[in-house]
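Structural overview for review
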Amino acid sequence: NSGGAGGFRAGMEWGIEHQFDWVWVMDDDIEPLPHAMETLLSYGSMSGFVQMRRQGPDGVLALEGLWDCNSCLPVSYHKDLSFERSARDWISVQWGNFEGALIQSAVVRQVGLPDSRFFIAGDDTNDASLAEIYTNVIYVREIGFRRQLT
């Protein structure tokens with residue numbers, strides 16, 4: 001068992017080896033809504049790492065926040081303030097997650113495959129923060145996924 005990080009690594013490696021333009025990474029407790037892929041692809045011209053909001057059993061799961069340089073971890077807000085205070089359809093973020101992100105294979109090649117040593121947590125945050133060097137990592141206002149677990 002190589003954990004979630006090992007699984008994401010194997011899946012992304014397979015996609016790269018088979019020369020797909022994009023890889024769609026999804027944790028096992030995430031269910032895409034019917035429009036998710038179409039919406040993600042519609043932002044592909046502006047970003048090589050696109051994420052959509054997720055709905056959990058208790059409401060929308062916020063991704064927006066700040067990067068804490070002291071701990072090298074994101075500090076998430078409890079809600080997506082930018083979407084509440086503006087009409088923007090998307091915002092730039094400094095990290096992400098593998099709960100439905102659509103990532104260009106070129107970005108995966110630049111960043112490298114996920115490090116399986118992370119095992120169960122942190123691989124996605126690490127890869128998305130590195131992806132920001134090569135592309136505009138974006139977070140889309142529209143809810144595209146249902147998260148089954150809290």
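Along each chain, residues carry numbers from 1 onward, in the same order as the chain's sequence is written. Only residues with pLDDT of at least 70 get local features here, since the model is predicted, and only at 80 or more are side-chain atom pairs given and counted; chain-wide, interface and lining totals rely on the full set of residues. The basis for every side-chain value is the complete set of non-hydrogen atoms in the structure, without hydrogens or water.

**Details of unusual backbone geometry**
In plain terms, the rule: In this description a helix means any DSSP run of H or I spanning at least four residues, a strand means any run of E spanning at least two, and both kinds are numbered starting from the N terminus. Relative accessibility under 20% of the residue-type maximum defines a buried residue, over 50% an exposed one, and the middle range a partly exposed one, all with a 1.4 Å probe and only protein chains included.
Backbone geometry at glutamine 19 places phi at a positive 60 degrees, although glycine is not the residue there. Relative to the helices and strands, glutamine 19 resides in the loop between α1 (3–17) and β1 (22–26). When its relative accessible area of 68% is taken as the criterion, glutamine 19 is described as exposed.

**What to know about the pairing of β1**
Our working rule: At least two bridges found by DSSP between two strands is the condition for calling them paired.
Burial of β1 is one-sided: the residues Val23 and Val25 facing one way are buried, the residues Trp22, Trp24 and Met26 facing the other way are not. With 4 bridges connecting them, β1 and strand β8 (residues 99–104) associate as antiparallel partners. Paired with methionine 26 across the strands is glutamate 99, a residue of β8.

**Quick notes on the side chain of aspartate 29**
Formally: Any two residues whose heavy atoms approach within 4.5 Å at even a single point are treated as in contact.
As for its placement among the helices and strands, aspartate 29 is situated in the loop between β1 and β2 (30–32). If near-sequence neighbours (up to four positions away) are discounted, aspartate 29 is found in contact with Glu99, Arg146, Arg147, Gln148 and Leu149.

**Quick look at the environment of glutamate 38**
If you trace the backbone, glutamate 38 turns up in helix α2 (residues 36–42). The exposure class assigned to glutamate 38 is exposed, which follows from its relative accessible area of 65%. Sequence separation of glutamate 38 and glycine 144 is 106 residues, and the distance between their C-alpha atoms is 9.9 Å.

**Focus on the packing of aromatic side chains**
Applied cut-off: For Phe, Tyr and Trp, rings pair up if their centres lie within 6.5 Å, where Trp contributes its six-membered ring, and each pair is then called stacked (planes under 30 degrees apart), edge-to-face (over 60) or tilted (otherwise). Working rule: Lys NZ or Arg CZ, within 6 Å of ring centre, within 35 degrees of ring normal, means a charge sits over the ring.
As enumerated under the stated definition, the model contains 3 aromatic pairs in all. Taken together, a centroid distance of 5.7 Å and an interplanar angle of 25 degrees make the contact between tryptophan 14 and phenylalanine 20 stacked. Here arginine 88 stacks its cationic end above the ring of tryptophan 90, 4.6 Å away from the centre of that ring.

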